[in-house]
Amino acid sequence: MDSLDQLALDVIACRACPRLVAWREEVAAVKRAAYREWTYWGRPVPGFGDPEARIVVVGLAPAAHGANRTGRMFTGDRSGDFLYASLHRMGLANQPDATDRHDGLVLNDVYITAPVRCAPPQNKPTAAEREACRPFLMRELALLTQVRVFVALGAIGYGALAAELGIRPRPAFAHGLAAPAPGGATVLCSYHVSQQNTFTGRLTPDMLDEVFARALELAGAPAG
């Protein structure tokens, strides 16, 4: 019988994409100067959060010096700082900070994953790499049986979700879009929490909070 624990082991062991394996391991060996004392994770990153979650957040891929360093989704970089601060404000995380796998962060009614599990060069996985990772997302969605709302961070996460959930026709990605999926779940879209969006004001804390407030409403899940 499949489980999230077994899925995590399979994700971590994957070496299916030579370009991604080479890049994640090079980054882990060379390191960024600020993290030279760190032992980088340097492997694929499994999903993280509440296995009974009614809200699932889907991003793009691990950041080279974020999750590829720490081994946990959206942990150790500015994107994660922005995301987890919002989850904390909305009562979905016990703390606003995410620095490493052992920092005590606990998610409530939220699970975080991505369609690509290795850090890609220039944050741009190829179509073949996304396809190679697809079975992991398929298994994950089958195991997360309580999900009512998906929050897609960016167009690639939205596209991966729409394909797996069978959303047809697929509305064009837009921040704030709510797309109903077969089976009764809803996909909510947000701009990605990348620095390109958060530093320029394209995505503000209030905008992301509004997405999660809507997700809580649709999920019927009380905050806190």
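One structure accompanies this document, and this report is about it. (Residues numbered from 1 in each chain as written. Predicted model: local features only at pLDDT ≥ 70, side-chain atom pairs only at ≥ 80, totals over all residues. Heavy atoms only, no water.)

Assigned secondary structure in the protein chain consists of 8 helices and 6 strands. Counting from the amino terminus, the protein chain carries its helices and strands in the arrangement α-α-β-β-α-α-β-α-β-α-β-β-α-α. For the protein chain, the C-alpha radius of gyration of 16 Å lies close to 17 Å, the compact-globule estimate for 224 residues. On the principal axes, the C-alpha backbone points of the protein chain span a range of 45 × 35 × 30 Å. In the protein chain, which comprises 224 residues, the proportion classed as buried is 52%. (Helix = DSSP H or I, 4+ residues; strand = E, 2+ residues; numbered from the N terminus. Rg over C-alpha atoms; globule rule 2.2 N^0.38 Å. Buried < 20%, exposed > 50% of the residue type's maximum accessible area, 1.4 Å probe, protein only.)

A few words now on helix 2 (residues 18-30). The end-to-end C-alpha distance of helix 2 is 18 Å, a good match for the 18 Å that 13 residues give at a rise of 1.5 Å each. Burial in helix 2 covers these residues: Leu20, Val21, Arg24, Val27 and Ala28. What you see down the axis of helix 2 is that its buried residues fit within an arc of 140°, all on one side. Summarising the geometry of helix 2, the exposed residues directed more than 90 degrees from the buried face are Pro18, Ala29 and Val30. (Expected span 1.5 Å × (residues − 1). Arc of directions from axis to C-beta.)

Within the secondary structure, Thr113 sits in strand 3 (residues 110-113). Owing to a relative accessible area of 1%, Thr113 belongs among the buried residues under this scheme. Dropping the residues within four chain positions of it, Thr113 is found in contact with Gly47, Val56, Val57, Val58, Gly59, Met73, Leu137 and Glu140. (Contact = heavy atoms within 4.5 Å.)

The next subject is the pairing of strand 4 (residues 149-153). The buried fraction of strand 4 amounts to 5 of the 5 residues, a majority that puts the element mostly inside the structure. Where burial is concerned, the two faces of strand 4 agree: the one with Val149, Val151 and Leu153 and the one with Phe150 and Ala152 are both buried. Where strand 2 (residues 55-58) lies against strand 4, 4 bridges are found, and the strand directions are parallel. Each residue of the ladder has a partner; that of Ile55, found in strand 4, is Val149. Across 5 bridges, the pairing between strand 4 and strand 6 (residues 186-190) is parallel. Bridge pairing links Val149 to Thr186 in strand 6. (Pairing = 2+ DSSP bridges.)

A few words now on the side chain of Gln95. With respect to the helices and strands, Gln95 occurs in the loop between helix 4 (78-89) and strand 3. Within the structure, the side chain of Gln95 is placed 3.1 Å from the backbone oxygen of Asp97, a separation counted as a polar contact. (Polar contact = N/O pair within 3.5 Å; in protein donor to acceptor, adjacent residues only side chain to side chain.)

As a further point, take the packing of helix 4 against helix 8 (residues 205-219). The N-to-C vectors of helix 4 and helix 8 enclose an angle of 55°; their axes lie 9 Å apart at closest approach. Judged on the interaxial angle alone, helix 8 and helix 4 are oblique. The two elements helix 4 and helix 8 cross, and the hand of that crossing is right-handed. Taken together, the residues of helix 8 that come into contact with helix 4 (itself represented by Phe82, Leu83, Ser86, Leu87 and Arg89) are Pro205, Leu208, Asp209 and Phe212. Of the residues in the contact of helix 4 with helix 8, the class split is 6 nonpolar, 1 polar and 2 charged. (Axes fitted to C-alpha atoms, helices over the stretch in contact; angles between N-to-C directions. Parallel < 35°, antiparallel > 145°, perpendicular 65-115°, else oblique. Left-handed = near helix turned anticlockwise from the far one by under 90°. Nonpolar A, V, L, I, M, F, W, Y, C, P; charged D, E, K, R; others polar.)

All right, on to unusual backbone geometry then. Put simply, Arg168 and Pro169 share a cis peptide bond, and its omega is -10°. With respect to the helices and strands, Pro169 occurs in the loop between helix 6 (155-165) and strand 5 (178-180). A positive phi is found at Lys31, a non-glycine position, where the angle reads about 65°. By the secondary structure assignment, Lys31 is in the loop between helix 2 and strand 1 (48-49). Positive phi, close to 70°, is recorded for Asp109, a residue that is not glycine. Mapped onto the elements of the fold, Asp109 is located in the loop between helix 4 and strand 3. Residue Asp109 is classed as buried on the basis of its relative accessible area, which comes to 7%.

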